[in-house]
Amino acid sequence: MAEEEPTPKANHEAQTKLIEEKAKKSSESTAMTSDSKSSGGSRRLICSVILILLLLAGITTLIVWLVYRPHKPRFTVVGAAIYELNTTAQSVMTTTMQFTIVTRNPNKRVSIFYDRLSAYVSYRNQAITPAVMLPDLFHDKKSTVALAPVLGGGGVAVPVSLEVVNGLVMDEAYGVVGLRLVLMGRLRWKAGAIRSAKYRVIVKCDVLVGFKKGLLGQVPLLGSPGCDVAV
């Protein structure tokens with residue numbers, strides 16, 4: 001029995017259905033492409049905004065640094081006193097000293113805060129006094145502050161090398177003793193509402209004092225250049 005051939009109407013419906021399916025697939029593909037382009041454009045926009053913000057922050061930081069660029073403080077020893085300087089053959093010594101230090105903040109727009117300050121005296125790169133904690137210090141703009149810490153004292157014995165003992169005996173006989181005052185701590189700068197991070201500061205002051213054994217009290221400064229300040 002012969003098969004019936006599709007009618008023209010059936011062919012038309014089949015073609016119409018095929019065209020609709022192709023159109024639907026094309027529409028879905030176009031929508032996916034559009035969504036992908038939109039997503040990519042959003043990512044590029046976000047990256048551009050972040051880059052612009054980072055650039056503006058960098059420029060702002062640079063401008064603030066150029067305007068408020070802080071300079072290191074300056075330290076100078078202007079006075080010294082030796083109340084005790086005893087050494088023994090067992091290479092220990094007891095010492096009581098006092099130094100007057102003047103520190104200058106050279107900044108016009110920046111204040112300085114110090115904390116965890118300590119000080120000690122060394123001779124030939126060896127500590128001859130224990131480290132003494134100093135009070136926190138605020139240094140206003142273009143201001144000068146004087147410190148006069150007493151170092152050593154209390155009969156505390158500090159172990160030293162034979163080189164220190166012999167060197168002090170020779171220097172005392174000659175009448176000139178070279179000492180180093182060391183201050184350590186942390187500082188931060190403040191400009192308006194802006195405060196910097198805390199930085200470690202080390203101050204080394206090399207001084208020559210006129211001192212002979214048995215002569216106690218104020219001693220003349222024979223040489224006191226500006227201190228070295230490392231931040």
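Residues numbered from 1 in each chain as written. Predicted model: local features only at pLDDT ≥ 70, side-chain atom pairs only at ≥ 80, totals over all residues. Heavy atoms only, no water.

**Examining the pairing of strand 1 (residues 74–87)**
As paired strands, strand 1 and strand 2 (residues 92–104) are joined by twelve bridges and run antiparallel to one another. Of the residues in strand 2, the one forming a bridge with N86 is T94. Pairing of strand 1 with strand 12 (residues 217–219) involves three bridges; the strand directions are antiparallel. Paired with A81 across the bridge in strand 12 is Q218. (Pairing = 2+ DSSP bridges. Helix = DSSP H or I, 4+ residues; strand = E, 2+ residues; numbered from the N terminus.)

**What about the environment of N86?**
Position of N86 among the secondary structure elements: in strand 1. Sequence-wise, N86 and A157 are 71 residues apart; in three dimensions their C-alpha atoms are separated by 9.4 Å. Excluding its chain neighbours within four sequence positions, the residues that come into contact with N86 are V92, M93 and T94. For N86, the side chain forms a polar contact with the side chain of E84, separated by 3.3 Å. (Contact = heavy atoms within 4.5 Å. Polar contact = N/O pair within 3.5 Å; in protein donor to acceptor, adjacent residues only side chain to side chain.)

**Notes on the pattern of salt bridges**
Here the idea is simple: oppositely charged side chains can pair when their charged atoms come close. For the coordinates displayed, the defined rule picks out four salt bridges. Residues K141 and D140 are paired through a salt bridge, measuring 3.7 Å at the closest nitrogen-oxygen approach. A salt bridge links D206 to R180, with the nearest nitrogen and oxygen atoms 2.7 Å apart. Taken together, the residues span a long stretch of sequence, with D206 in strand 11 (residues 199–210) and R180 in strand 9 (residues 176–191) at a distance of 26 residues. By relative accessible area, R180 is classed as partly exposed at 24%. What you see here is one network of salt bridges that share partners, running through D115, R186 and K198. (Salt bridge = Lys/Arg side-chain N within 4 Å of Asp/Glu carboxyl O. Buried < 20%, exposed > 50% of the residue type's maximum accessible area, 1.4 Å probe, protein only.)

**Concerning empty space enclosed by the protein**
As enumerated under the stated definition, the model contains one cavity of 30 Å³ or more in all. In this structure, the largest cavity occupies an estimated 40 Å³ of space. As for the largest cavity, its lining consists of F75, T103, Y114, L117, L137, L147, L183 and V203. Partitioned by chemical class, the residues of the lining of the largest cavity number seven nonpolar, one polar and no charged. (1 Å grid on protein atoms, 1.4 Å probe; cavity = no way out; pocket = protein on both sides within 12 Å on 5 of 7 lines; lining within 4 Å. Points joined across faces, edges and corners; volume = space filled by probe spheres on them. Nonpolar A, V, L, I, M, F, W, Y, C, P; charged D, E, K, R; others polar.)

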